[in-house]
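Structural description and commentary
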Amino acid sequence: MDYTPIPAAGLPPVRVNLYSDTQTKPTPAMKAAMMDAEVGDEQMGLDPTTNALQDRMAALMGKQAALFLPSGTMCNQIAIATHCRPGDEVLAHETAHILTSEGGGCAAIAGAQITGLKGARGQYDAATLRAAIRAKNRNAPPQTLVEVEQTANSGGGAVWSVERLNEIAAIAHENGMATHMDGARLMNAVVASGVAVADMVAGFDSLWLDFTKGLGTGVGAVLVGSREFIGTAWRWKQRMGGAMRQSGMLAAGCLHALDHHIDRLAEDHANAAGLVRGLAQVEGIVPEPAETNLVFFSTEATGLTAAAFANAARQHGVAFSTNGRYRVRACLHLGVTAADVETALQVSRQVVASAPR
Ligand SMILES: *Cc1c(COP(=O)(O)O)cnc(C)c1O
């Protein structure tokens, strides 16, 4: 994402924040749960609330073990470092977060390289994956990891079907490669598709879920995999300074989100669909289909760049982000109501109507 900043100086306050689903703030009930958390030394395995979150996540995902980490980026980087040796190659979609948005961490930390695969809506298919797998030889980098992003962020929040996921995982495993899922918005895919989460991730050796996107916490992501995988991941957590102490207060927020903020993702998806319907009525705006909580649309036919559109909307108190010259992104989340969507539509109409022709 080439995020447009949300500058505050001289601007009205943000009334509707569609900038990112990371803009959520802990609810009063979440804060109360955090205040009451039982805590201990996480680095010594003695924080009961963090342990409870890890146990619950491992069980939910149908895997052996889990590890609480400060961020999704750290989950991805630790997973790659655990699966790969320096010089190895990772196959991922060309728009994958690990390729575009993690500061080159894969090369800098694991010492691995990523090959970007093509495909519509942030997804590649079985044929594309097969074509990218080379015969093993002395010259080629060892191909050790296949990565998918559920949902595909730059792909418009698109949901990988469980059939496609299983197919991709089978091809990877047949070729001696491990599988990793960037599940930043995994629960959005689960709610939108109705597929049980353990079934959705069954083909993946490792995966993680972000609690700071639509699930609404301030800090935290959980990496899941086999006992052996998590054992090695622990060393990386320690090495990277991700080991914490009384992290139970943070883990309590995540447990609260698992209890209270998953089913409600359906509201975000309904709001996203409403936003798409309304935007399609605005002269010159072309929205992409929304499958979950992310809405992308083109401003090209309005004569406005994405940045010009977003800056003008921000003047009216509605925050969008941009992704390319004419591509705007709107994120629906627990801080945005159906009435807010109407406000965003009203402002969008106004911005386009006053665009210079
Ligand atoms: C946000 C995001 C990440 C990184 O998560 P952080 O918790 O912000 O570090 C990784 N992958 C995708 C698809 C994301 O949207």
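A brief structural summary. (Residues numbered from 1 in each chain as written. Predicted model: local features only at pLDDT ≥ 70, side-chain atom pairs only at ≥ 80, totals over all residues. Heavy atoms only, no water.)

1. Quick look at a nonpolar patch on the surface
On the surface, Met35, Val39 and Met249 cluster together into a nonpolar patch covering about 300 Å² of accessible area. With respect to the helices and strands, the residue Val39 is situated in the loop between helix 1 (28-35) and helix 2 (48-61). (Patch = residues over 30% accessible without salt bridge, like charges linked within 9 Å, V, L, I, M, F, W, Y side chains within 5 Å. Areas by Shrake-Rupley, 256 points an atom, 1.4 Å probe, with all protein chains shown as cover. Salt bridge = Lys/Arg side-chain N within 4 Å of Asp/Glu carboxyl O. Helix = DSSP H or I, 4+ residues; strand = E, 2+ residues; numbered from the N terminus.)

2. Here's the deal with the pairing of strand 5 (residues 143-149)
Extensive coverage of strand 5 is indicated by the burial of 7 of its 7 residues. Taken together, the 5 bridges between strand 5 and strand 6 (residues 178-183) define a ladder with parallel strand orientation. Within strand 6, the residue paired with Glu149 across the bridge is Asp182. Note on the crossover from strand 5 through helix 7 (residues 162-174) to strand 6: the handedness is right-handed. (Buried < 20%, exposed > 50% of the residue type's maximum accessible area, 1.4 Å probe, protein only. Pairing = 2+ DSSP bridges. Right-handed = clockwise from strand over helix to strand, strands pointing away.)

3. Thoughts on helix 14 (residues 338-353)
With 16 residues, helix 14 should cover 22 Å at 1.5 Å per step; its first-to-last C-alpha distance of 23 Å lies within 8% of that length. For helix 14, every residue scored as buried is listed here: Asp340, Val341, Thr343, Ala344, Leu345, Val347, Ser348, Val351 and Val352. Tucked inside the fold, the buried residues of helix 14 contact strand 1 (16-17), helix 12 (265-280), helix 13 (306-315) and strand 11 (318-319). (Expected span 1.5 Å × (residues − 1). Contact = heavy atoms within 4.5 Å.)

4. With respect to the side chain of Asp21
By the secondary structure assignment, Asp21 is in the loop between strand 1 and helix 1. For Asp21, a relative accessible area of 0% puts it in the buried group. Within the local environment of Asp21, its side chain forms a polar contact with the side chain of Arg185, the two groups lying 2.7 Å apart. Only 2.9 Å separates the side chain of Asp21 from the side chain of Asn293, close enough to count as a polar contact. If sequence neighbours within four positions are ignored, Asp21 has contacts with Arg185, Thr212, Lys213, Gly214, Asn293, Leu294, Cys331, Leu332 and His333. (Polar contact = N/O pair within 3.5 Å; in protein donor to acceptor, adjacent residues only side chain to side chain.)

5. Some points on the sheet that holds strand 5
Judged by pairing direction, the sheet is mixed, and its 7 strands sit side by side in the order 2-8-7-6-5-3-4 without closing on themselves. In the strand order of this sheet, the two ends are held by strand 2 (65-69) and strand 4 (113-117), each with one partner. Pairwise comparison of adjacent strand axes, ignoring direction, gives a mean angle of 20° for this sheet. Together, strand 5 and strand 6 form the strand contacts of helix 7, whose direction differs from that of strand 6 by roughly 145°. The sheet strands contacting helix 10 (residues 227-239) are strand 2, strand 7 (206-210) and strand 8 (221-225), and the helix crosses strand 2 at an angle near 20°. (Axes fitted to C-alpha atoms, helices over the stretch in contact; angles between N-to-C directions.)

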